[in-house]
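Residue-level structural notes
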Amino acid sequence: MSDWDRSWPAPAKVNLFLHVVGRRADGYHLLQTVFRFLDFGDELRFAPREDGVVAPAAPLPGVPVESDLTVRAARLLRERAGIAGGVTIALTKRLPMGGGLGGGSSDAATTLIALNRLWRCGLSSPELQELGLALGADVPVFIHGRACFAEGVGERFDDVALPPAWYLVTVPRVSVPTAEIFRAPELRRDAPAIRPADWRPGMGGNDLEPVACRLYPEVAGHLAWLRARGPARMSGSGACCFAEFADEDAARSALATLPAGMTGFVARGMDVHPLLN
């Protein structure tokens with residue numbers, strides 16, 4: 001089977017903590033976080049085109065083609081590498097939009113990784129990360145491909161070793177716009193910085209949670225339900241929330257008790273992106 005015939009995974013991520021430690025003069029927030037991938041996510045397939053067009057096989061509901069991150073990623077790479085051909089991008093979408101699991105960013109990263117190989121562009125991982133940062137702050141970490149302590153606006157990484165874990169992720173029925181959370185005047189922007197070498201699993205919280213919970217009470221409800229069963233966090237800017245378990249059985253037992261009207265899934269934590277294996 002050729003690489004053009006295969007499917008390409010785009011895994012979810014969770015933020016094991018997320019602090020806002022400052023703000024640059026250009027308005028970008030300075031963050032510290034730990035990213036971990038999950039063995040659950042979207043999948044992409046690519047088909048070559050001779051007409052030079054880059055297009056989705058089917059548009060995402062509510063997303064204009066020009067805003068589709070996979071289309072933008074492919075066009076950016078094609079321009080950078082001087083590629084003449086086009087591509088049709090087929091996306092199997094499992095991750096919720098506006099969920100804080102990095103779905104759009106992961107899709108864009110997988111598009112860059114896959115087409116760099118399929119088009120034989122020859123760009124290095126740092127070069128792809130540079131392209132990815134132009135698409136969104138979370139794109140580079142999926143290209144970096146390892147669980148890590150991230151700083152800045154999402155471009156500086158220190159790899160971390162994490163204990164095995166399973167996660168129950170709940171999916172509130174709301175889509176949380178990241179920009180809305182970061183615009184909130186009450187958002188804390190002065191958390192004390194942590195040295196990457198000093199961070200340990202369980203340290204820190206998510207500075208975006210209070211804002212998201214105020215604006216979206218359903219997020220607060222999911223966190224309250226999870227916290228009755230153990231430590232829980234919101235991932236990214238929301239809306240998805242998660243609790244960590246030592247083994248799959250414990251996570252699935254908790255999933256089985258989800259109240260009517262709440263949905264979620266269980267996934268294993270991964271320290272390496274599947275495209276790096």
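These remarks concern the structure in this document. (Residues numbered from 1 in each chain as written. Predicted model: local features only at pLDDT ≥ 70, side-chain atom pairs only at ≥ 80, totals over all residues. Heavy atoms only, no water.)

Quick word on the packing of aromatic side chains
Going by this rule: Here is the rule: rings of Phe, Tyr and Trp (six-membered ring for Trp) pair when centre to centre is within 6.5 Å. Planes less than 30 degrees apart are stacked, more than 60 are edge-to-face, and the remainder are tilted. Helix and strand labels come from DSSP, where a helix needs a run of H or I of at least four residues and a strand needs a run of E of at least two; each type is numbered from the N terminus. Here the term buried applies to any residue with accessible area under 20% of the maximum for its type, exposed to any over 50%, and partly exposed to those in between, with areas from a 1.4 Å probe on protein chains only. Both a distance and an angle decide whether a charge sits over a ring: NZ of Lys or CZ of Arg must be within 6 Å of the ring centre and within 35 degrees of the ring normal.
The final tally for this structure, using the stated rule, is 5 aromatic pairs. Ring geometry for Phe17 versus Phe149: centroids 5.7 Å apart, planes at 50°, classification tilted. Taken as a pair, Phe17 in strand S1 (residues 8–23) and Phe149 in strand S5 (residues 148–152) lie far apart in primary sequence, 132 residues in all. Classification of Phe149 as buried rests on a relative accessible area of 0%. For the pair Tyr167 and Phe242, a centre-to-centre distance of 5.9 Å together with 75° between the ring planes defines the contact as edge-to-face. Highlighted residues: Tyr167 in strand S7 (residues 166–170) and Phe242 in strand S9 (residues 241–245), separated in sequence by 75 residues. Classification of Phe242 by relative accessible area gives buried; the value is 4%. Each residue in the set Phe17, Phe149 and Trp199 is aromatic and connected to the rest through ring pairs, giving one cluster. Here the guanidinium or amino end of Arg6 rests over the ring plane of Trp8, the centre of that ring lying 4.0 Å away. In this structure, Arg229 packs its charged tip against the face of Trp225, placed 3.8 Å from the ring centre.

Examining the packing of helix H1 (residues 69–81) against helix H2 (residues 103–118)
A pair of packed helices is characterised by two quantities: the angle between their axes and the separation of those axes. Note the cut-off: Lines are fitted to the C-alpha atoms to define the axes, a helix being fitted only along its stretch in contact, and any angle between axes, read from their N-to-C directions, falls within 0 to 180 degrees. Should the near helix be turned counterclockwise from the far one by less than a right angle, the crossing is left-handed, whereas a clockwise turn marks it as right-handed. The contact rule is simple, with two residues in contact once any of their heavy atoms fall within 4.5 Å. Following the grouping adopted for this structure description, the nonpolar residues are Ala, Val, Leu, Ile, Met, Phe, Trp, Tyr, Cys and Pro, the charged ones are Asp, Glu, Lys and Arg, and the polar ones are all others, Gly among them.
Close contact between H1 and H2 brings their axes to 8 Å; oriented N to C, the two are set at 35°. Handedness of the crossing formed by H1 with H2: right-handed. Packed against H1, whose contacting residues are Leu69, Thr70, Ala73, Ala74 and Leu77, the element H2 presents Gly104, Ser105, Asp107, Ala108, Thr111, Leu112, Leu115 and Asn116 at the interface. Here the residues of the contact of H1 with H2 sort into 7 nonpolar, 5 polar and 1 charged.

As for the pattern of salt bridges
Inclusion rule: Throughout this description, the term salt bridge denotes a Lys or Arg side-chain nitrogen within 4 Å of a carboxyl oxygen of Asp or Glu.
Throughout the structure, instances matching the rule amount to 16 salt bridges. Arg80 is the partner of Glu127 in a salt bridge, and the nearest nitrogen-oxygen pair spans 3.8 Å. Within this pair, whereas Glu127 is found in helix H3 (residues 125–135), its partner Arg80 is found in helix H1, the two being separated by 47 residues in sequence. Residue classification places Glu127 among the partly exposed residues on the basis of a relative accessible area of 30%. As a salt-bridge pair, Glu209 and Arg227 come within 2.8 Å of each other at their nearest N and O atoms. In this pair, Glu209 is assigned in helix H6 (residues 209–215) and Arg227 in helix H7 (residues 217–227), connecting sequence segments 18 residues apart. On the basis of relative accessibility, which here comes to 8%, the residue Glu209 falls in the buried class. Linked through salt bridges whose partners overlap, the residues forming this network are Asp42, Lys93 and Asp107.

Concerning the side chain of His19
Where we set the bar: Here a polar contact is taken to be a pair of N or O atoms separated by no more than 3.5 Å, where protein atoms must pair a possible hydrogen donor with a possible acceptor and residues adjacent in sequence count only if both atoms sit in side chains.
Tracing the backbone through its elements, the reader meets His19 in strand S1. At 3.1 Å, the side chain of His19 and the backbone nitrogen of Gly205 are in polar contact. Setting aside chain neighbours within four positions, we find His19 in contact with Leu30, Leu31, Gln32, Ala191, Ile194, Gly204, Gly205 and Asp207.

Looking at the pairing of strand S4 (residues 86–92)
Here is the key point about a regular strand: its side chains alternate between the two faces of the sheet. Applied cut-off: By this definition, two strands are paired if DSSP reports at least two bridges between them. Look down the strands so they point away from you; if the path from the first strand over the helix to the second goes clockwise, the crossover is right-handed.
By the bridge criterion, 7 bridges tie strand S2 (residues 29–49) to S4 in an arrangement that is antiparallel. Among the inter-strand pairings, Arg45 is bridged to a residue of S4, identified as Ala90. Both strand S3 (residues 54–56) and S4 contribute to a ladder of 3 bridges, which runs parallel. Bridging across to S4, Pro56 finds its partner in Ile89. Since S3 and S4 lie parallel, the crossover through H1 that links them has a hand, and here it is left-handed.

In short, shape yes, function no, at least from these values alone.
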